[in-house]
Amino acid sequence: MPNTFVLLFAILALIALATWLVPGGKYETHLVDGRQLVDPASFHYVDSKPQGLVALLKSPIKGFVESAQIIGFVLFVGGAFAVLQRTEAIDTLIRSIVRAHAHSPTVRALVIPVFVTMFSLGGATFGMNEEVIPFILIFVPLALALGYDTVTGVSIPFLGSQVGFGAAFLNPFNVGIAQGIAGVPVFSGMGYRLIVWASATFVTIAFLMWYAARVKRNPALSPTYVLDQAKRQEMPAVSAHEHERMTRRHAAVLGIFALTLGAMVVGVVQYGWFIDEIAALFLAMAIVVGLVARLGTDNWVAAFMQGVKDLAPTALVIAIARATMVIAREANIIDTMLHELLPLVQSSHPVFAAQKMYLIQSVINFFIHSGSGQAALTMPIMAPLADLVGVSRQTAILAFQLGELSTPMIPTSGITVGVLALARIPWLTWAKWMIPLQLIYLVLALLLLIPPVLMGWN
């Protein structure tokens, strides 16, 4: 099986080939309340700009430039977490949870539901997305120590945040922007969205608990079994450290870490913090942790640089994933593909029309996996289209949201491939594992779109 780099470049080459076959097209935009909105009636064909070999080879560096902010975020946060791990406070915490997990049925039953719900709430409220990347460094070793596998360790924070983001009820980056563009009161309809979020989160928790229990009984069933064997050899045995308990210094470091996470949530929700502020926050955390743990300057720098080095491949993966968007945009084919998909929405019944909207948004999500970017491009078209096919605009917004449930599987998402690269899971391995859950999400989304149409949800 090809690794992530080969697979992404193959997809990049296919998109470049499509630019020779798909005609160029464009929707005109106009400024409304500070936002660039697409005029649904303005589509026209423009000169196509096929992307050749030179453009294909240049696209990764362009993707790197356009992703510079998130790449920098990943490297800085990776360095900060390496400093945190150098203090061994996280290792001590993991061993404490493992001991509690071994002796308490309550802890065993609550580990997955509690953490998945926490991350899902983060996605549903303040749009937790890129912020989940650092947690992979914590939950993978935790899952392995508890007898699970790397897939479980990745899924708890990643799927939790992504299902919360896609089924959000208070997320300003998709619900807020989409409702504002569609002319719907911002954050209205929260009652039914809470039902959608609870349903999607429950399904995710149930699936992960079933899978984790299955792998714990028979580790060889894990798709990352061989990888996990190697990772466990790198981890210190819990039994060898039974005598080691949490020290005051460890507690202080973990307290600083907890305060950092709390500050991140408050900053994002109350003050609109984004990647720059969060990266600065984690850098400050690393400095304070280094001082409290008395690591010394040489030890601190060595730890930070090791974290940056470990995440360098992840940075390149994010750049190549972004390059797919660069190729499609520079060839002027994104608007054309959107225009050609729209007639497919028309149906004999509004329920089917709403479900088709969801399927179309899922396809669009392959190319545009930014919640705000996708809302800005599609809602000016989908909102009036919903009026024509007998679907409320509130339902059209929900269809757009649910389309984002495909993000954890698509290889063009920088977050998805970045998380997988960090966990050292090949994309194809992850995709095979995700297929059953993705089908469950598909059926769930189709079912959740029926009640709003029948009750005329406005």
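Procedures and definitions
- Residues numbered from 1 in each chain as written.
- Predicted model: local features only at pLDDT ≥ 70, side-chain atom pairs only at ≥ 80, totals over all residues.
- Heavy atoms only, no water.
- UniProt positions renumbered as here; feature names shortened; annotations may be inferred.
- Helix = DSSP H or I, 4+ residues; strand = E, 2+ residues; numbered from the N terminus.
- Buried < 20%, exposed > 50% of the residue type's maximum accessible area, 1.4 Å probe, protein only.
- Contact = heavy atoms within 4.5 Å.
- Polar contact = N/O pair within 3.5 Å; in protein donor to acceptor, adjacent residues only side chain to side chain.
- 1 Å grid on protein atoms, 1.4 Å probe; cavity = no way out; pocket = protein on both sides within 12 Å on 5 of 7 lines; lining within 4 Å.
- Points joined across faces, edges and corners; volume = space filled by probe spheres on them.
- Nonpolar A, V, L, I, M, F, W, Y, C, P; charged D, E, K, R; others polar.
- Salt bridge = Lys/Arg side-chain N within 4 Å of Asp/Glu carboxyl O.
- Phe/Tyr/Trp six-rings, centres within 6.5 Å; stacked < 30°, edge-to-face > 60°.
- Lys NZ or Arg CZ within 6 Å of the ring centre and 35° of its normal.
- Axes fitted to C-alpha atoms, helices over the stretch in contact; angles between N-to-C directions.
- Left-handed = near helix turned anticlockwise from the far one by under 90°.

As annotated in an unreviewed UniProt entry, the protein carries the name YfcC family protein and comes from Massilia agri. The UniProt entry for the protein carries the following comment under Subcellular location (unreviewed entry): "Cell membrane".

Take the environment of S406 next. Note on placement: S406 falls in the loop between α17 (393-402) and α18 (414-423). S406 gets classed as buried once you look at its relative accessible area, which sits at 13%. Each C-alpha atom of the pair S406 and A321 lies 16 Å from the other, and the pair is 85 residues apart in sequence. Residues contacting S406, with those up to four places away along its chain left out, are S362, N365 and Q438. Looking at S406, its side chain comes within polar contact range of the side chain of N365, at 3.0 Å. There is a polar contact of 3.0 Å between the side chain of S406 and the backbone oxygen of G403.

Counting across every chain of the model gives 2 cavities of 30 Å³ or more. One number sums up the size of the largest cavity: a volume of about 40 Å³. Forming the walls of the largest cavity are V111, I112, F139, L142, A143, L146, Y148, T152 and I156. Counting residues per element, the ones that place at least two in the lining of the largest cavity are α5 (105-125), α6 (133-145) and α7 (150-166). Ranked by residues supplied to the lining of the largest cavity, first place goes to α6 with 3 residues. Taken together, the residues of the lining of the largest cavity break down into 8 nonpolar, 1 polar and no charged.

Another aspect to go through is the environment of A399. Along the chain, the position of A399 falls in helix α17. The exposure class of A399 is buried, given its relative accessible area of 0%. Sequence-wise, A399 and L449 are 50 residues apart; in three dimensions their C-alpha atoms are separated by 7.2 Å. Beyond its immediate sequence surroundings of up to four residues, A399 is in contact with A354, M357, Y358, Q361 and L449.

Right, let's get into the pattern of salt bridges. Here the structure, examined in full by the defined rule, presents 3 salt bridges. R329 is paired through a salt bridge with E66; the nearest N and O atoms lie 2.5 Å apart. Taken together, the positions of R329 in helix α13 (residues 297-330) and E66 in helix α2 (residues 53-66) put the pair 263 residues apart, joining distant regions of the chain. Residue class for E66 comes out partly exposed when judged on its relative accessible area of 34%.

Further remarks concern the packing of aromatic side chains. Scanning the model with the defined rule gives 16 aromatic pairs in all. Taken together, a centroid distance of 5.3 Å and an interplanar angle of 65° make the contact between Y192 and W457 edge-to-face. With Y192 in helix α9 (residues 190-217) and W457 in the segment after α20 (450-454), this residue pair connects regions lying 265 residues apart in the sequence. Three or more aromatic residues joined by ring pairs make a cluster, and in this case those are F158, F207, W210, Y211, W430 and W433. Its guanidinium or amino end placed over the ring of Y148, K216 lies 5.3 Å from that ring's centre, counting from NZ or CZ.

Take the packing of helix α15 (residues 350-367) against helix α19 (residues 427-448) next. Contact geometry for α15 and α19: axes closest at 9 Å, N-to-C directions at 145°. Both α15 and α19 take part in a crossing whose hand is right-handed. The segment α15 lies against α19, with Q355, Y358 and L359 engaging Y441, L442, A445 and L446. Looking at the contact of α15 with α19 residue by residue, the class counts come to 6 nonpolar, 1 polar and no charged.

Turning next to the environment of F165. Looking at where F165 falls in the secondary structure, it is placed in helix α7. Accessibility expressed as a relative area gives 6% for F165, which makes it buried. For the pair F165 and E404, spaced 239 residues apart in sequence, the C-alpha to C-alpha distance is 7.8 Å.

In terms of burial, helix α8 (residues 172-182) is a largely internal element, 8 of the 11 residues being buried. Every buried residue of α8 is listed here: N174, V175, G176, I177, A178, Q179, I181 and A182. Note on α8: the residue one or two positions beyond its end, G183, has a positive phi of about 75°.

Along the chain, the position of S59 falls in helix α2. At a separation of 2.7 Å, a polar atom in the side chain of S59 contacts the main-chain carbonyl oxygen of L56.

Another point: α6. The buried count for α6 comes to 11 of 13 residues, which makes it a mostly enclosed element. The set of residues buried in α6 consists of I133, P134, F135, I136, I138, F139, V140, P141, L142, A143 and L144. Residue G147 follows α6 closely and has a positive phi angle near 90°.

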